[in-house]
Amino acid sequence: MSGKFITIEGGEGVGKSSNIAFILSYLKDKNIDVVSTREPGGTELSEKIRDLLLDASNKAMVSDTELLLMFAARAQHLAELIQPALKEKKWVLCDRFTDATYAYQGGGRGIAMSRIADLENWVQGSLRPDLTILLDVSVEIGMKRASDRSTPDRIEQEKHDFFESVRNTYLKLAEASPQRYRIVDASQPLDKVQSDIAVVLDEFIK
Ligand code: Z5A
């Protein structure tokens, strides 16, 4: 028996950060011992790799470097934080994980999905999330929400078509793994998004 691994995914400005605090407090109210983390990042070293990945001045970074840095950060994150927590029977709530690599580096950058799958199998072995909540919203709404909030990082500077591919890839991933994925309509008001997430969590916990 180990803990449960929940990931939260979606494109630009879908509201992951806004909903993670809600999910954490919902699980804690059910007396579940849960650790919250994010990708890329989650450990000191992985956060340094995140800085490299998102630094808007790193304009020379090619897609393969981006892909390999995502998995380098993930390897460290798994070894140092995620796997030990799961072994201690804690639940892990992660803001993005490998589905983001399929969506951004696969769908967005056009790297072959089979290459990403090879890295996934190498770095993760058989570990996959138990539940993935996909917050889905149109690219227009998501980009508007994100741009109202902060200066764009290196990946956020991509164009509309890139984010359409990201969204479509997420929807295909969800269709391919219906037992693991739950899609929540993130265009709704935040309280409605959160009540839909609560239904998903209740179904998962029981
Ligand atoms: N990336 C990758 O390429 N490959 C990988 O393998 C991984 C990641 C793991 C960093 O991710 C980047 O790394 C990301 C993908 C890439 N790049 N991009 N682009 P991140 O998750 O840290 O960054 P992000 O996707 O840019 O997330 P974000 O900007 O933090 O957005 P968010 O967390 O989903 O949204 P939010 O901050 O909660 O909400 C945005 C605004 O909308 C905010 O003002 C909210 O108040 C508002 N909001 C939220 N929900 C609502 C509702 N329901 N109604 C109205 N307004 C709302």
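A brief report on the enclosed structure follows. None of the values given here were measured: they were computed from a predicted structure.

In this structure the tally under the stated criterion is 1 cavity of 30 Å³ or more. In this structure, the largest cavity spans a volume of roughly 110 Å³. Gly11, Glu12, Val14, Val137 and Arg167 are the residues nearest the centre of the largest cavity, which is lined by 15 residues in total. At the level of secondary structure, the elements contributing two or more residues to the lining of the largest cavity comprise β4 (131-136), α6 (139-147) and α7 (160-176).

This paragraph deals with the packing of α6 against α7. Remark: α6 packs on α7, axes separated minimally by 10 Å, with the N-to-C direction vectors making an angle of 115 degrees. In the crossing of α6 with α7, the sense of the turn from one axis to the other is right-handed. On the side of α6, the interface is formed by Val139, Glu140 and Met143, while α7 contributes His160, Phe163, Glu164 and Arg167. Across the contact of α6 with α7, the residue classes break down as 3 nonpolar, 1 polar and 3 charged.

With that settled, consider the packing of aromatic side chains. Following the criterion strictly, the structure yields 5 aromatic pairs and no others. With centroids separated by 4.9 Å and ring planes inclined at 80 degrees, the aromatic side chains of Phe5 and Phe97 adopt a geometry described as edge-to-face. Residue Phe5 is found in strand β1 (residues 5-9), and its partner Phe97 is found in the loop between β3 (91-95) and α4 (98-108); the two are separated by 92 residues along the sequence. Residue Phe97 is classed as buried on the basis of its relative accessible area, which comes to 1%. Ring geometry for Phe22 against Tyr26: centres 5.7 Å apart, planes inclined by 40 degrees, an arrangement best described as tilted. Of this pair, Phe22 and Tyr26 both sit in helix α1 (residues 16-29), 4 residues apart, which is roughly one turn of that helix. Taken together, the aromatic side chains of Tyr104, Phe162 and Phe163 make up a single cluster linked through ring pairs.

The subject of this paragraph is the side chain of Gln188. As for its placement among the helices and strands, Gln188 is situated in the loop between β5 (181-185) and α8 (190-205). Judged by relative accessible area, which is 19%, Gln188 ranks as buried. Within the structure, Gln188 has its side chain in polar contact with the side chain of Asp196 (distance 3.0 Å).

Another point: the site of the ligand. Taken together, 30 residues form the shell around the ligand, and within it Ser17, Ser18, Arg96, Thr101 and Arg149 come nearest. Between the ligand and Glu12, the relevant distance is 2.7 Å, taken from a nitrogen atom to a side-chain nitrogen or oxygen of the residue. For the ligand, the accessible surface in isolation is 1100 Å², of which the surrounding protein chains cover 84%. Judged by the fraction of its atoms near the pocket grid, the ligand is located in the largest pocket. Elements supplying a minimum of two residues to the shell around the ligand: α1, α2 (44-54), α3 (63-87), α4 and α8. Counting residues per element, the shell around the ligand draws most heavily on α4, at 4 residues.

What follows deals with the nonpolar core. Counting 26 residues, the largest nonpolar core has Tyr104 and Tyr170 as its most contacted members. Looking at this core, the elements that each hand over two or more residues are α2, α3, α4, α5 (113-124) and α7. Here this core gets 6 residues from one element, more than from any other, and that element is α7. Every residue in contact with Tyr104, bar those within four places of it in the chain, is listed here: Gly10, Gly11, Glu12, Arg96, Arg109, Ile155, Phe162, Phe163, Val166 and Tyr170. If you look at the next biggest cluster of nonpolar residues, it comprises 23 residues, including Ala186, Ile197, Ala198 and Leu201.

Analysis parameters
- Residues numbered from 1 in each chain as written.
- Predicted model: local features only at pLDDT ≥ 70, side-chain atom pairs only at ≥ 80, totals over all residues.
- Heavy atoms only, no water.
- 1 Å grid on protein atoms, 1.4 Å probe; cavity = no way out; pocket = protein on both sides within 12 Å on 5 of 7 lines; lining within 4 Å.
- Points joined across faces, edges and corners; volume = space filled by probe spheres on them.
- Helix = DSSP H or I, 4+ residues; strand = E, 2+ residues; numbered from the N terminus.
- Axes fitted to C-alpha atoms, helices over the stretch in contact; angles between N-to-C directions.
- Left-handed = near helix turned anticlockwise from the far one by under 90°.
- Contact = heavy atoms within 4.5 Å.
- Nonpolar A, V, L, I, M, F, W, Y, C, P; charged D, E, K, R; others polar.
- Phe/Tyr/Trp six-rings, centres within 6.5 Å; stacked < 30°, edge-to-face > 60°.
- Buried < 20%, exposed > 50% of the residue type's maximum accessible area, 1.4 Å probe, protein only.
- Polar contact = N/O pair within 3.5 Å; in protein donor to acceptor, adjacent residues only side chain to side chain.
- Near = heavy atom within 4 Å.
- Areas by Shrake-Rupley, 256 points an atom, 1.4 Å probe, with all protein chains shown as cover.
- Sits in = over half its atoms within 2 Å of the grid points.
- Core = buried A, V, L, I, M, F, W, Y, C linked by side-chain atoms within 4.5 Å.

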